[in-house]
Amino acid sequence: MAVINILGKIFTGRFYAQNTGFFFLLFYLLFGIVPGGQLISYHYSLMMGIVSTTNFLLLAIGLWLLYNLKCMWFVLGTLGNKEYSFLYQTIGSMPARRMQTNWLLVHIGVYAPVLIYSSIAAVVAVRKAYYAPAVILLCFNVIMCVWAVWIYNRQLKRPGAITLYHRLQQWLNRSFYKPLPLYYVYELATNRTRALLVTKVLSCLVLVATFTLMEGDPYDIRAVLTGLLISLLLHCIVVFEHRHFEDQFLGFTRSLPLSLWKRYSALCITYGCLLLPEFGLLIIHTLPHSPWHWLLMIALAISLLPLFRCLLYFPRLDQDKYLRWVLGIFCVLLFMTLGYLYIGAIIATQAAAFILFITRYYRYEPHYEQVQ
Amino acid sequence: MGTISETAGGIEEGLCTSTLGIKCAFNVKFISPYLRMITLHQIQKKYYDSLIISVPKLELPHGIYWMQGGNGAGKTTCLKIIAGLIPFEGDVLVKSTISSKRQPVQYRQMVSYAEAEPLYPAFLTGRDLLQLHTGARGEGYESITELSALLGIPAFIHNPVSSYSSGMLKKLSLLLAFTGRPALILLDEPLITLDTATIPILYDWIRRFHTQHGVSFVITSHQLITAGELQLTATLVIDNKELKKV
């Protein structure tokens, strides 16, 4: 009993803690957007759709398979973590049946949301005489659990074995190299995933809300630009962290023979790549109204975020002072946009960012520079 | 025959005949001892108005220099100044003409720096870093593939640096410093964490790059780097926050 409690803390507890944002969003989509009185009928219809329509069933199974992979990824990742290497000596020395039971309980713990929802759907299917979908759901869940337990057991018996993920990673590393402008995007995607996910979800929600509010009214670029400005403002903490990343890990790039122009272009490309989801939304919604408006917005985005970053070339600018400057710039740009001065605003922002960059780059030194 | 300038040097190439009568081609870079490889002019580095290091005037001809100083004396700060990594008052010139402030790109083309304790983003592989350096610095004096093979780097070059030991990371950072065609290579504590088999290889590189390619070196080390291994031109000492040639 004690072992499963410890495993529960190591795997199940940490899994839900690390994925709070994901579950919060999922909970909101499943229960938050439907009025309380219609909640049961909504989910009943959803389950009926799953069990009565083949395509819908395949879609649901596909999404649940992805979730199962996410669970297995997490457990295998924890097993590969140096901090948890003691698990090989502890669980690994248990009798086979007990070890498998423990793994099954661990997997049921992390896989529970899908298991519960699909089990209820299977009960609905049986009650409505959709026996084949009910059997499919049952078999699917059994396969997901047995597969996971087999993989965990295999990993435990072969510590240090190269997983499929690592093989894939090695192949990617051999086939492609990471260009300098993408370093921070990689950093966000690998080590600061939560910050990136929260920023992107909020930013895209702001843009979607903007376009939803505009429906029915005549198209006005100022309204879209206002939504975009708020969306960009939400990136200010990610930009603030960029300085920390560069100070800590990219000091060596300052000794490379790259012109300031190339370095500044790399900075704009970094933020351009970071804003690709927003650009997609903007193109979809603005292209039918004006073919050049989306270009204007992309220009604003790759001017404003570099400007926020260039402010940080003043080493004594802490987070409080930085946020004051960011809000000040946001207000100025907002008023310029509302006053139809958006082209001037974009030119001024880009010029300010570039001037700050070329004048400050070589003069910048991290605030905590160690003296040796 | 190549051209040799009295003040700057040049490339001597031609044919020679050995005592066994075998003819062979040679290509040796000749660097004039009168050429001022590094000129530090009125350098001052301060942190919060506190002076860290000062160099009123120091001219170093082509050579291999050992920089000495106790812990916290300012050796790394001095190397970072010469490498153009941190801002400072004054100016550093390479080959008397290329200024770290007026021609920052050309200057960085001429100066390479290997950190004492290199730190890179965890997700990058050795290949990514090598690609970045060779892409920025251009073709080197020698084949980078052969140099990396000598250090055993190909065995782990495709792995993320987060999986490297400190010795592997050190080998990679040293290799990166030998990319391109620098006139000056700064090595900050190059011997720490290196295995005993690699140290002679590094010494051989330093000797070869110095004599054949005309590269000057400034090396900081708490370990004795002479002992018949390297012929030092002079020793640099940081005494009372001032860098001097001994």
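Residues numbered from 1 in each chain as written. Chains lettered and ligands numbered in written order. Predicted model: local features only at pLDDT ≥ 70, side-chain atom pairs only at ≥ 80, totals over all residues. Heavy atoms only, no water.

### Digging into the overall build of chain B
Step number 1: Within chain B one finds six helices and 13 strands.
Step number 2: Per-residue burial for chain B yields a buried fraction of 54% across its 246 residues.
Step number 3: Pairs at least 24 apart in sequence give 66% of the contacts found in chain B among residues at least 6 apart.
Step number 4: Just so you have it, chain B exposes about 10,900 Å², and 54% of that area is on carbon and sulfur atoms. (Helix = DSSP H or I, 4+ residues; strand = E, 2+ residues; numbered from the N terminus. Buried < 20%, exposed > 50% of the residue type's maximum accessible area, 1.4 Å probe, protein only. Contact = heavy atoms within 4.5 Å. Areas by Shrake-Rupley, 256 points an atom, 1.4 Å probe, with all protein chains shown as cover.)

### Some points on helix 13 (residues 260-274) of chain A
At 3.6 residues per turn, the α-helix brings residues three or four places apart onto the same side.
Step number 1: Under the 1.5 Å per step criterion, the end-to-end length of helix 13 of chain A is 21 Å for 15 residues, consistent within 8% with the ideal 21 Å.
Step number 2: Three or more residues of helix 13 of chain A are buried, namely Leu260(A), Arg263(A), Tyr264(A), Ala266(A), Leu267(A), Cys268(A), Thr270(A), Tyr271(A), Gly272(A) and Leu274(A). (Expected span 1.5 Å × (residues − 1).)

### Some words on the packing of helix 1 (residues 2-18) of chain A against helix 4 (residues 54-80) of chain A
Packed helix pairs are characterised by how far apart their axes lie and by the angle those axes make with each other.
All names here are of chain A.
Step number 1: Between helix 1 and helix 4, the shortest axis-to-axis distance is 11 Å and the interhelical angle comes to 120 degrees. The angle between the axes of helix 1 and helix 4 places the two elements in the oblique class. Handedness of the crossing formed by helix 1 with helix 4: right-handed. Touching Ile10, Phe11, Arg14, Phe15, Tyr16 and Gln18 of helix 1 are Tyr67, Lys70, Cys71, Phe74, Val75 and Thr78, all from helix 4. (Axes fitted to C-alpha atoms, helices over the stretch in contact; angles between N-to-C directions. Parallel < 35°, antiparallel > 145°, perpendicular 65-115°, else oblique. Left-handed = near helix turned anticlockwise from the far one by under 90°.)

### Points about the domain arrangement of chain A
Step number 1: Looking at the assigned domains, one finds that chain A contains domain 1 (2-163) and domain 2 (180-363).
Step number 2: For domain 1 of chain A versus domain 2 of chain A, the separation of C-alpha centres amounts to 38 Å. (Domains from an automatic or database assignment.)

### Topic: the pattern of salt bridges
Step number 1: Inspection of every chain in the model, using the stated rule, returns 13 salt bridges over all chains.
Step number 2: The salt bridge partner of Lys178(A) is Asp128(B), with a shortest N-O separation of 2.7 Å. Taken together, the residues Lys178(A) in the loop between helix 8 (164-175) and helix 9 (183-190) and Asp128(B) in helix 3 (residues 126-137) connect one chain to another. Side by side, Lys178(A) and Asp128(B) carry an identical accessibility label, which is buried.
Step number 3: The partner of Glu246(A) in a salt bridge is Arg309(A), and the shortest N-O contact between them spans 2.8 Å. Here Arg309(A) lies in helix 15 (residues 293-311) and Glu246(A) lies in helix 12 (residues 236-249), a separation of 63 residues in the sequence. (Salt bridge = Lys/Arg side-chain N within 4 Å of Asp/Glu carboxyl O.)

### Some remarks on unusual backbone geometry
Step number 1: Of note, Ala129(A) is a non-glycine position whose phi angle comes to about 65 degrees, a positive value.
Step number 2: Looking at the secondary structure, you find Ala129(A) in the loop between helix 6 (96-127) and helix 7 (131-157).
Step number 3: Its identity is not glycine, yet Lys95(B) carries a phi of approximately 55 degrees, on the positive side.
Step number 4: We classify Lys95(B) as partly exposed; its relative accessible area is 28%.

### Focus on helix 4 of chain A
Residues and elements named next belong to chain A.
Step number 1: With 27 residues, helix 4 should reach 39 Å at 1.5 Å per residue; the first-to-last C-alpha distance of 38 Å fits that figure.
Step number 2: When we look at burial in helix 4, the residues that qualify are Leu57, Ala60, Ile61, Trp64, Tyr67, Asn68, Cys71, Met72, Phe74, Val75, Thr78 and Leu79.
Step number 3: Tucked into the core, helix 4 has its buried residues touching helix 1, helix 2 (20-32), helix 3 (39-52), helix 5 (86-90), helix 6 and helix 7.

### Structural notes on the pairing of strand 9 (residues 111-114) of chain B
Residue and element names in this part refer to chain B.
Step number 1: Neither face of strand 9 is exposed, since Val111 and Tyr113 on one face and Ser112 and Ala114 on the opposite face are all buried.
Step number 2: Where strand 9 lies against strand 10 (residues 184-188), four bridges are found, and the strand directions are parallel. The residue bridging Ala114 from the neighbouring strand is Leu187, located in strand 10. (Pairing = 2+ DSSP bridges.)

### Details of the interface of chain B and chain A
Step number 1: Counting from both sides, the interface comprises 39 residues of chain B and, opposite them, 35 residues of chain A.
Step number 2: Approximately 3,300 Å² of surface area, both sides summed, lies buried where chain B meets chain A, with 61% of it carried by carbon and sulfur atoms.
Step number 3: Summed over the shared surface of chain B and chain A, the result is two salt bridges.
Step number 4: On inspection of chain B and its partner chain A, the count reaches 10 residue pairs in polar contact (both at pLDDT 80 or more).
Step number 5: Among the elements of the structure, strand 4 (36-47), helix 1 (75-83), helix 2 (104-110) and helix 3 of chain B are those that each provide at least two residues to the side of chain B that touches chain A.
Step number 6: A per-class count over the side of chain B that touches chain A returns 20 nonpolar, 11 polar and eight charged. (Buried area = accessible area lost by both parts, 1.4 Å probe. Polar contact = N/O pair within 3.5 Å; in protein donor to acceptor, adjacent residues only side chain to side chain. Nonpolar A, V, L, I, M, F, W, Y, C, P; charged D, E, K, R; others polar.)

### Thoughts on empty space enclosed by the protein
Step number 1: Taken as a whole and assessed by the stated rule, the structure comprises two cavities of 30 Å³ or more.
Step number 2: Of all elements in the fold, only strand 9, helix 3 and helix 5 (166-177) of chain B reach the threshold of two or more residues within the lining of the largest cavity. (1 Å grid on protein atoms, 1.4 Å probe; cavity = no way out; pocket = protein on both sides within 12 Å on 5 of 7 lines; lining within 4 Å. Points joined across faces, edges and corners; volume = space filled by probe spheres on them.)

### Observations regarding the pairing of strand 13 (residues 242-245) of chain B
Step number 1: Pairing of strand 12 (residues 234-239) of chain B with strand 13 of chain B involves four bridges; the strand directions are antiparallel. Its bridge partner being in strand 13 of chain B, Val237(B) is matched across the sheet by Lys244(B).

### Let's talk about the environment of Pro291(A)
Step number 1: Structurally, Pro291(A) can be placed in the loop between helix 14 (276-286) and helix 15.
Step number 2: Once the C-alpha coordinates of Pro291(A) and Leu256(A) are considered, the two residues, 35 residues apart in sequence, prove to be 40 Å apart.

### Some details on the nonpolar core
Step number 1: Within the largest apolar cluster, 101 residues are counted, with the highest numbers of intra-cluster contacts made by Phe308(A), Tyr322(A), Phe178(B), Leu187(B), Ile206(B) and Phe217(B).
Step number 2: The biggest single contributor to this core is helix 15 of chain A, with 11 residues.
Step number 3: Excluding residues that lie within four positions of it along the chain, Ile206(B) makes contacts with Ile64(B), Phe178(B), Leu187(B), Phe217(B), Ile219(B) and Leu230(B).
Step number 4: Membership of the second largest hydrophobic core comes to 46 residues, among which are Phe23(A), Tyr88(A), Leu115(A) and Ala148(A). (Core = buried A, V, L, I, M, F, W, Y, C linked by side-chain atoms within 4.5 Å.)

### Points about the side chain of Ser221(B)
Residues and elements named next belong to chain B.
Step number 1: Structurally, Ser221 is set in the loop between strand 11 (216-220) and strand 12.
Step number 2: Ser221 sits in the buried class, given a relative accessible area of 5%.
Step number 3: Setting aside residues no more than four positions away along its own chain, Ser221 makes contact with Trp66, Met67, Glu189 and Leu191.

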